[in-house]
Amino acid sequence: MKPTKILLLYAALTLVIFVILTNQAKSQNTVTTNIPTSAWNGAQLPDWSNITFNKMPGISESGSFTAPSNVTDQLGYDLSRSWSAGQTPDKYIMLGDFQDSFKLQNFDLSKIYEITGLDLSKVSLESFGIMKLQSLGSLVKAVPSLQQLSIKDVKPVSDLLKSELSLPIEPQKTIGQLLNESPHLKDLEFKSLPLEEYKIDTIPGIEQTPIAAFKDWQAVKIEDVPSLNQVPFNQFPNPINAVGATVGNVDIAFGTDEQQRPRTISGSDKEGFAVPCTKDCAHVELSGNSAVLGKAWVSGKYQLVQGGKGILESVNGGKEPTGRHPFGSAFKVAVWDVSEVDGMMNQALFFRVCMRNSFIDLGCTPYFIGPVPFMAYKEKEPIFLGSITGGGEDSASTPTGLKSSGFKFNNTANMAANKLSNLLPAIKGDCNNLHASGVNIDAMSAALSNVEGNYNFVGNYICDSSGNCGRELGTKQFVSYSPEVRSLISGKSGGNDFLARLDKGESVSGEEMTQYFPPNDQDALFEKDTTALLNIAASQIDPTTKKPFTGQRLIERAAEMHYGGAAIPVDAEVTDVNGKYSVKDYGETASMSYRNVMQAMNCN
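Computed from a predicted structure; not experimentally measured. (Residues numbered from 1 in each chain as written. Predicted model: local features only at pLDDT ≥ 70, side-chain atom pairs only at ≥ 80, totals over all residues. Heavy atoms only, no water.)

When you go through the chain residue by residue, the secondary structure sums to 15 helices and 21 strands. For the chain, with 604 residues in total, the buried portion stands at 57%. Intrachain contacts of the chain at a sequence separation of at least 6 include 70% that bridge at least 24 residues. Surface accessibility of the chain: about 23500 Å² in total, with carbon and sulfur atoms responsible for 49%. (Helix = DSSP H or I, 4+ residues; strand = E, 2+ residues; numbered from the N terminus. Buried < 20%, exposed > 50% of the residue type's maximum accessible area, 1.4 Å probe, protein only. Contact = heavy atoms within 4.5 Å. Areas by Shrake-Rupley, 256 points an atom, 1.4 Å probe, with all protein chains shown as cover.)

Structure representation (structure tokens):
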């Protein structure tokens, strides 16, 4: 396994502990899900205080959106993007997509860091994606106080001028004086600088500047605003909330053999939420009060409706999965897989692209970016439905042509991609699974797991410094060129063909990934790697004690090697490319996480 990216352990810890505790508490008749929940009026609602963008399940299918060139010309920025199966939403959703829902642009960096605890002094300008879109003029417009500062006091500005101008500048002159005398310099762009060499605090005042003040902020991905993907949904400037209060029950699950369902509670914000289904009407029939009794929530996997608004409504043929908005307009919730055999269903989320700036509004695409696995339910379980509004009774949804006849969650390759309990790593919680040093292997694995990936994650085609090329796979992001990974995959029927496609950089789905490299293989391989790291760490000398690593220091050292590789110096102050944690900070954070996981597992 190659050195993984820095683990976001503080935010991950809450989710890890939640999974341990709730899985112990649930009855055998309840469908488990790795979405943290809290009880409300008998139903389970997502616990948005413990849900962040980088902890959400990975998207199940790869895809892309290419903005028309005339649209890009009008806006002045490009909102095209692509996504790979397994990626979390922060890697493909942009700030502009949520400008009316979560209003993330009202955040400033200091507020984000107040919530997440990230040290500003360790964050580079490179990791703040907005800087790559700024010119000297737009930066000064966003942070007006810079005009009063001398050029020499703002190093990125000073270096930008030195790199672009042939004549020397007067370092004592203020930035405002310079731009008044030479207004053409406002067009100098910061993307020409090696931004990774500067910290955020080298530009005074940038931390307190709202994101919305910067030019083209709409085109920045969530992950490119440092630690924004670690902010819980309930702490956004416009926090997520339930819309409406209706709770019903999942009465009976029906497959696509069902026809003619005129009474529904599903549709779109364009057509209404009572759009009938005429053919291939997989759905769950609901019980409850008179507003929902006997009505169908039709599956969006098998039925499409009209969606979108403005110029962008034509994207994806103007269609989106039929569904509902129980938590507002940021995303759409669709019933997805439905099994009559198992008497259960699961849900999926879908996102959209929105394009608007101060001068032009091009609207939003239909909700077509998905599916992102969400909640799962068995028959007779209560389900939150939100506001029951009706609308669209005179129209009809469009069948996708897919069939669900005989679909069974437990006996299908799709289950690995669709059932939430298989998507995110669960904690075994065995207090007796110990390394020779006394470190608990399960707790160590939980502390070191890369929570940004899921079991069905398939990364981009990459090459390391030694010329080995392949894809990152699964929740621990193993590389496909690893001999151990290749041995496990090639031992399965069709595995060699799958490896050949990975080697060529061809597109593969998360469903295929979990078929050839299933969760149990990933967990076993990661446990082996964890043991190897502990063995290496235990054989080294701790420079602080001049004795072999033991106890918490052993855990810190193993975590450091997991982050930076076995050859990384002890307690190194180097950081990852995003400057989020140094190696030393990472080890200390992992050690703290280990202690808390052990407590949650009730291990002494």
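A few words now on the state of the cysteines. Going through the model one piece at a time under the given rule, you end up with two disulfides. Put simply, Cys 277 and Cys 281 are joined by a disulfide, and their sulfur atoms are 2.2 Å apart. Linking Cys 277 and Cys 281, the disulfide has an S-S dihedral of approximately -100 degrees and is accordingly described as left-handed. The same class applies to Cys 277 and to Cys 281, which are both buried. What pairs with Cys 354 in a disulfide is Cys 364, and their sulfur atoms sit 2.0 Å apart. Looking down the S-S bond of the Cys 354 and Cys 364 bridge, the torsion is 110 degrees, so its handedness is right-handed. With a gap of 10 residues between them, Cys 354 in strand 12 (residues 354-356) and Cys 364 in strand 13 (residues 361-364) connect regions that are remote in the sequence. By relative accessible area, Cys 354 is classed as buried at 6%. (Disulfide = S-S within 2.5 Å.)

Once that is clear, we can look at the packing of aromatic side chains. Between two aromatic rings, the relevant description is the distance of the centres plus the angle of the planes. Evaluated as defined, the whole model comprises 24 aromatic pairs. Seen from their ring centres, Phe 498 and Tyr 516 are 4.8 Å apart, and the 20 degrees between their planes marks the pair as stacked. Of the two residues, Phe 498 is situated in helix 11 (residues 495-503) and Tyr 516 in helix 12 (residues 510-516); the sequence distance between them amounts to 18 residues. The class of Tyr 516 is buried, set by a relative accessible area of 13%. Across the ring face of Phe 254, the terminal group of Arg 261 is positioned such that the distance to the ring centre comes to 6.0 Å. (Phe/Tyr/Trp six-rings, centres within 6.5 Å; stacked < 30°, edge-to-face > 60°. Lys NZ or Arg CZ within 6 Å of the ring centre and 35° of its normal.)

Attention now goes to the sheet that holds strand 8 (residues 303-306). As summarised here, the arrangement of the three strands in space is 9-8-16, forming an open sheet in which the pairing is antiparallel. The open sheet has two edge strands, strand 9 (319-321) and strand 16 (398-399), and neither has a second partner. One ladder, built from two bridges, connects strand 8 with strand 16; its direction is antiparallel. Looking across to strand 16, one finds that Leu 304 is bridged to Thr 398. (Pairing = 2+ DSSP bridges.)

With that settled, consider the environment of Gln 134. Mapping Gln 134 onto the fold places it in the loop between helix 3 (109-116) and helix 4 (136-142). Linking Gln 134 and Phe 190, residues 56 residues apart in sequence, is a C-alpha distance of 6.0 Å. Dropping the residues within four chain positions of it, Gln 134 is found in contact with Leu 139, Leu 188, Glu 189, Phe 190, Phe 214 and Lys 215.

Turning our eyes to something else, we now look at the sheet that holds strand 7 (residues 296-298). Pairing is antiparallel across the open sheet formed by four strands, whose spatial order is 7-6-5-15. Edge strands, defined here as strands with exactly one partner in the open sheet, are strand 7 and strand 15 (382-386). Taking the axes of each pair of neighbouring strands and ignoring which way they run, one obtains an average angle of 45 degrees across the sheet. Summarising the sheet, strand 5 (residues 246-254) and strand 15 pair through four bridges and their orientation is antiparallel. Looking across to strand 15, one finds that Asn 249 is bridged to Pro 382. (Axes fitted to C-alpha atoms, helices over the stretch in contact; angles between N-to-C directions.)

Here we come to the nonpolar core. Soluble globular proteins tend to pack their nonpolar side chains together in the buried interior. Leu 104, Phe 233, Phe 331 and Met 355 are the most contacted members of the largest nonpolar core, which totals 98 residues. At five residues, the largest contribution of residues to this core is made by strand 14 (residues 369-378). In contact with Phe 331, not counting residues within four places along its chain, are Trp 48, Phe 233, Ile 240, His 325, Leu 349, Phe 350, Phe 351 and Tyr 367. In terms of nonpolar packing, the next biggest core, distinct from the first, is built from 25 residues, Ile 555, Ala 559, Tyr 563 and Met 601 among them. (Core = buried A, V, L, I, M, F, W, Y, C linked by side-chain atoms within 4.5 Å.)

A separate point is the environment of Gly 474. Topologically, Gly 474 is positioned in the loop between strand 18 (469-473) and strand 19 (478-479). When the C-alpha atoms of Gly 474 and Asn 456 are compared, they prove to be 5.5 Å apart, with 18 residues separating the residues in sequence.

Now for the side chain of Gln 99. Positionally, Gln 99 belongs in the loop between strand 4 (81-83) and helix 3. Not counting chain neighbours up to four residues away, the residues in contact with Gln 99 comprise Gln 105, Trp 217, Gln 218 and Arg 356.

In this section: the confidence of the model for the chain. Per-residue confidence for the chain gives a mean pLDDT of 83, with 86% of residues at or over 70. Ranking the helices and strands of the chain by mean pLDDT puts strand 7 first, with 97, and helix 1 (residues 9-25) last, with 30. Note that pLDDT drops below 50 for residues 1-32; the model gives that stretch 88 contacts with residues more than four away or on any other chain. Within the model, pLDDT remains below 50 along residues 411-428, and this stretch shows 56 contacts once partners closer than five positions in the same chain are excluded. (pLDDT = per-residue confidence, 0-100.)

With that settled, consider the packing of helix 13 (residues 519-538) against helix 14 (residues 551-564). With their axes 9 Å apart at the nearest point, helix 13 and helix 14 run at an angle of 120 degrees to one another. Between helix 13 and helix 14, the crossing angle belongs to the class labelled oblique. You can see that helix 13 and helix 14 cross each other, and the crossing is right-handed. Here Phe 526, Leu 533, Leu 534, Ile 536, Ala 537 and Ala 538 of helix 13 come into contact with helix 14, specifically with Leu 554, Arg 557, Ala 558, Met 561 and His 562. Within the contact of helix 13 with helix 14, the residues separate by chemical class into nine nonpolar, one polar and one charged. (Parallel < 35°, antiparallel > 145°, perpendicular 65-115°, else oblique. Left-handed = near helix turned anticlockwise from the far one by under 90°. Nonpolar A, V, L, I, M, F, W, Y, C, P; charged D, E, K, R; others polar.)

Moving on: helix 14. Structural remark: α-helix, 3.6 residues per turn; residues separated by three or four positions point the same way. Counted at 1.5 Å a residue, the expected span for helix 14 with its 14 residues is 20 Å, and the 20 Å between its end C-alpha atoms agrees. Of the residues making up helix 14, those classed as buried are Arg 553, Leu 554, Ile 555, Glu 556, Arg 557, Ala 558, Ala 559, Glu 560, Met 561, His 562 and Tyr 563. One or two positions beyond helix 14, positive phi appears at Gly 565, with a value near 95 degrees. (Expected span 1.5 Å × (residues − 1).)

As for its placement among the helices and strands, Glu 61 is situated in the loop between strand 2 (43-46) and strand 3 (63-65). Sequence separation between Glu 61 and Val 508 is 447 residues; the distance between their C-alpha atoms is 9.2 Å. If sequence neighbours within four positions are ignored, Glu 61 has contacts with Trp 83, Ala 85, Gly 370 and Pro 371.

This part covers the pairing of strand 18. Of all five residues making up strand 18, four are buried, and the element is well covered by its neighbours. For strand 18 and strand 19, the ladder comprises two bridges, and the chain directions are antiparallel. Counted as the bridge partner of Leu 473 is Phe 478 from strand 19.

Moving on, we come to the pairing of strand 14. Buried residues dominate strand 14, accounting for nine of its 10 residues. Note: strand 11 (residues 344-351) against strand 14, six bridges, orientation antiparallel. Bridged to Met 344 within strand 14 is Lys 378.

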